Amino acid sequence: MLHRLRMRTKMGIIIAILTVAAVTISFTGYYQLRQISLRLNSLSLNIAKIERAIILLRGQMNASQHNERNAILSPGDADSQKYADLATAASLETNKTRSVLKDLMQQYATDEEKKFFEEYERNWDRYLKLQQEILRLAVSNTSLKSEELLRKQSYQLLSELRASTREMLRTLETESGEAFKANKLEPYAQAQRNTRMLERLLLLATDSTATVGIHIVSHTNEEWDGLEIRINSNENEADFLIDEALKQASQQLKPMLIEFKNKLRLFHATNKQVLQYSRQDTNYKSTIMSITDAQIAAQAAMDALDSLQKEMSRHYDEELAAATSAALFSRYFLAIVPIIGIPVGVLIAGLLTRAITRPLLNGVEVSKAIANGDLTKRPHISQLDEVGDLLRAFDTVASELSKVVGNVRTYSDTIANSASELTNISQQLLAQSEEMSKQANQVSAGAEQMSTNVSTMAAAAEQMSMNVVSISTASEEISVNVSTISNSARETSHNVSALTTALKESIRDFDEVTRQANEGSHVTSQAMALSQQATSRMNSLGKAATEINKVTDVIKMIALQTNLLALNATIEATAAGDAGKGFAVVAHEIKELANQSARAAEDITTKIEDVQANTREAIGVIQKVADIITQIDHSVTNIAQMMDRQSRAASVSSNNLNEASRGVENIANSITEVAKGATDMARNASEAAKGANDVSRNAIEAARAVREITSNIHVVGQATRDNAHGAQKVNTAAHELATIACKLQQLVKHYKTEA
Amino acid sequence: MTKSQQLIEQSKAMPSDEPTARPIHVCTFRLGDALYGVEIAAVKEVNILPPLTPIPHAPKSVCGYVNLRGQIHLCLDLKQMLGLGPSTITAQTRLVVFQASLGEPFGVLVDQIGDIVQLQANQLEPQPTVSDPADPSQLLTGVGKLEAELLLLVNVRKILPLVEQATR
């Protein structure tokens, strides 16, 4: 992983590790300690606030409950109202404190604490509702009212009823005594009945009063209903009795009864009022409520507050424990991180420095060796970063250079071989052309001799012609001098013999020329083969040069790549600042090397182009030589043909001459038979003249052919000279090629390669 | 006289009218026949021109995208931006890639890459200021005096904003 990164990144990593370590240590230490102090401060402050609020709340709740009890227990309406007001005020106070506590809880409390607080609120709200009801009942005070009404009014009315009843009873007693004295039975009985009715009425009233008293202390509907039925029946009976009494009452009693009836009505009404109050039974209800439901709700609220306090205390203990452990952690952290971080940082920095400097030193050593011409040295590469890239590229350059130098060496050897072979061939060619020249000169000499012979022949033929004409003339003078004719004929015969001899010699010469020409033809075909060999050599040389061109293209490409690489290396090194200075020197060295390689490749290309130009020129020259040789071949064939034709013409001449000789001999034979007639002789003479003319014509033709041959021989001489000149040029080109090959060999000799 | 006082005297004696007394390294290249240069700190690498992918509707100064080892770079025609006409790509053409810290990764075509040269402070002259902000010669920050010829310094930071201006 580390060797894949750029050097700048590596340096950055070291600095980042050290910076992060330092920042982490200081920040963590500072943050943890500050956090601890803040948490402890806020915790104790908040808990103090909440505790204070809870204590206040408890006091207010107690006050509220206390006042409520007082309101229930107070007998007077005014007192009850006062305590009820106090209780309500206390409840309002609790609401205020509760909202304050709620804000505090909302800000600082945990969920558990909030739950307890909600429970408290629920219970307390329930209690407050109950309290309102209790207070309402407590203020109405109906039980006490009914008791008071009973005690004050009902008892009063009852005693009044008793008083009036006693008066009436006294009246009735009087009446009955009077009636008994008067012995009036009817009124007496009436009085007795009324007396019993009155007593019954009084009993009923007393019973009603007692029942009402029981009604007041009863608390259930069943009891109340039973008691009220009894009271109603009492009253109904009382009403019936008093109406009955009124019907039978005496005049004296009647007004008293009416008064009694009115009082009784009032008494009943009062009792009804008392019953009404008693039925409401508020004091009992409120007391019951106060000591049951409300008490439970208040107790639950108190319990919730207790739980809340306990929870807070537990929470406080937890926070304290957390703070202590955080303090411990930061103390260990502050101690341990530098102890581990500093050695690790130092170790990584050392490793990275080693990883950069070692391959660089290796690269410098190898580049020095290569600059000294030793291409066998190779850098050891294990890096994958920029230094590794550079060394790998450098390694590729060195191996390519080594390969190229080897190739150039091989090719230059090939060129040198080709050049020396070419030199051999051109020298052979030169020798051949000299030989040819010699042959041509010999041909020329033969032709010269032939020309002389032909001239001689022509002259002899001329003379013969003349002799024949003389014969012709002489034949007319046959009769004049036969001996003269005989002499002339002998002379003619002699002349013809000389001509024949000349002709034979000429034919021999022709044969000699033909032989020479054939030999020349052989030489030219040999020269042709040699020139073709030279051309193929030249072509292979051209191919080799093209191969070298390809190689130099590769060198140029490598030099270009290396140059770019060195440039980028220089950029990286300069960007690295002072740390990259050594690296920059190596990059510069490599760049120089790349430039040298490019220049060498350029040099080689120029040399190769020279070789190619020379090769092309040599091929052209060889082509020209081949053309000339073809021309020579053609001329020699022409000569051979001419010679053949000449030979045939000479043979024809020879035949004609023989015929002439025979004719002359015939003439000589005929001379002795002059008498045989001049016509015979004339015929023979004209025949001889015809043969002599043929000879003459053939001789002329032979002379023309000989001239032509001579001119052809001249052409051959010229061509041979041209050929010699071309061979000379080939020789020069071959020498030049050899020099270039030598230079190439010297150029690469400087480098030491593995091959 | 103490050593520090000597140093102060020496520094006073030196002609340091430029704010940057330190020599700067410049990567040089040719556009046409003229020599140009950029501060080496801005150069990431120099490369052979990879195959160009033209961008449709792009301004003349944008040659296209190139792929350098998997990362896409914007290729700009600095010659066109400097009003020297469009670049013609030859065997000598190179791609100068700038540091990624300048924003979008991009490079410019140069006709020929030169050497890394070191310019002393006294070899630098500021570019005469031009009032028109759209003038492309605003790309040039200074003139370096080399022995053989003059070197025009290009401000790499202004290349991308200028292209964005052209796009708008």
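Caption draft 1: Up close: helix H9 (residues 293-371) of chain A. When the terminal C-alpha atoms of H9 of chain A are compared, their 110 Å separation across 79 residues agrees well with the 117 Å that a helix rising 1.5 Å per residue should span. Following H9 of chain A by one or two positions, Gly373 of chain A has its phi on the positive side, about 100 degrees.

Caption draft 2: Region of the structure containing helix H6 (residues 221-248) of chain A. Helix length check: H6 of chain A, at 28 residues, gives a terminal C-alpha distance of 41 Å against a target of 40 Å (1.5 Å per residue), a fit within 8%. At its buried positions, H6 of chain A is contacted by helix H5 (185-217) and helix H7 (254-280) of chain A.

Caption draft 3: Representation of the pattern of salt bridges. In total, this model carries 26 salt bridges over all chains according to the counting rule given. Among the ionic pairs, Glu547 of chain A bridges to Lys550 of chain A, the shortest N-O distance being 3.6 Å. Placement of the pair is Glu547 of chain A and Lys550 of chain A together in helix H11 (residues 482-575), with a separation of three residues, close to one helical turn. Among the salt bridges present, the one from Glu149 of chain B reaches Arg30 of chain B, with a minimum N-O distance of 2.6 Å. Taken together, the residues span a long stretch of sequence, with Glu149 of chain B in the loop between strand E10 (140-145) and strand E11 (150-154) and Arg30 of chain B in strand E1 (residues 24-31) at a distance of 119 residues. Through salt bridges with shared partners, a single ionic network connects Arg98, Lys102, Glu121 and Asp125 of chain A.

Caption draft 4: Structural detail: the interface of chain B and chain A. Counting from both sides, the interface comprises 14 residues of chain B and, opposite them, 12 residues of chain A. For chain B, the biggest contributors to the area lost against chain A are Val46, Ile48 and Ile116 of chain B; these three give 38% of the whole. Counting the contacts that link chain B with chain A gives one salt bridge. The salt bridge partner of Asp115 of chain B is Lys591 of chain A, with a shortest N-O separation of 2.1 Å. Counting every contact that joins chain B to chain A gives two residue pairs in polar contact (both at pLDDT 80 or more).

Caption draft 5: The sheet that holds strand E4 (residues 62-68) of chain B, seen in detail. All names here are of chain B. Taking strand neighbours across the sheet as the criterion, the five strands line up as E3-E6-E7-E5-E4 in an open arrangement whose pairing is mixed. Only two strands of the sheet have a single partner each, and these edge strands are strand E3 (43-48) and E4. The average angle at which neighbouring strand axes cross in this sheet is 30 degrees, direction not considered. Bridge count between E3 and strand E6 (residues 94-98): five bridges; the pairing is antiparallel. When the sheet's bridge partners are listed, Asn47 is paired in E6 with Leu95.

The rules we used
Residues numbered from 1 in each chain as written. Chains lettered and ligands numbered in written order. Predicted model: local features only at pLDDT ≥ 70, side-chain atom pairs only at ≥ 80, totals over all residues. Heavy atoms only, no water. Helix = DSSP H or I, 4+ residues; strand = E, 2+ residues; numbered from the N terminus. Expected span 1.5 Å × (residues − 1). Contact = heavy atoms within 4.5 Å. Salt bridge = Lys/Arg side-chain N within 4 Å of Asp/Glu carboxyl O. Buried area = accessible area lost by both parts, 1.4 Å probe. Polar contact = N/O pair within 3.5 Å; in protein donor to acceptor, adjacent residues only side chain to side chain. Pairing = 2+ DSSP bridges. Axes fitted to C-alpha atoms, helices over the stretch in contact; angles between N-to-C directions.

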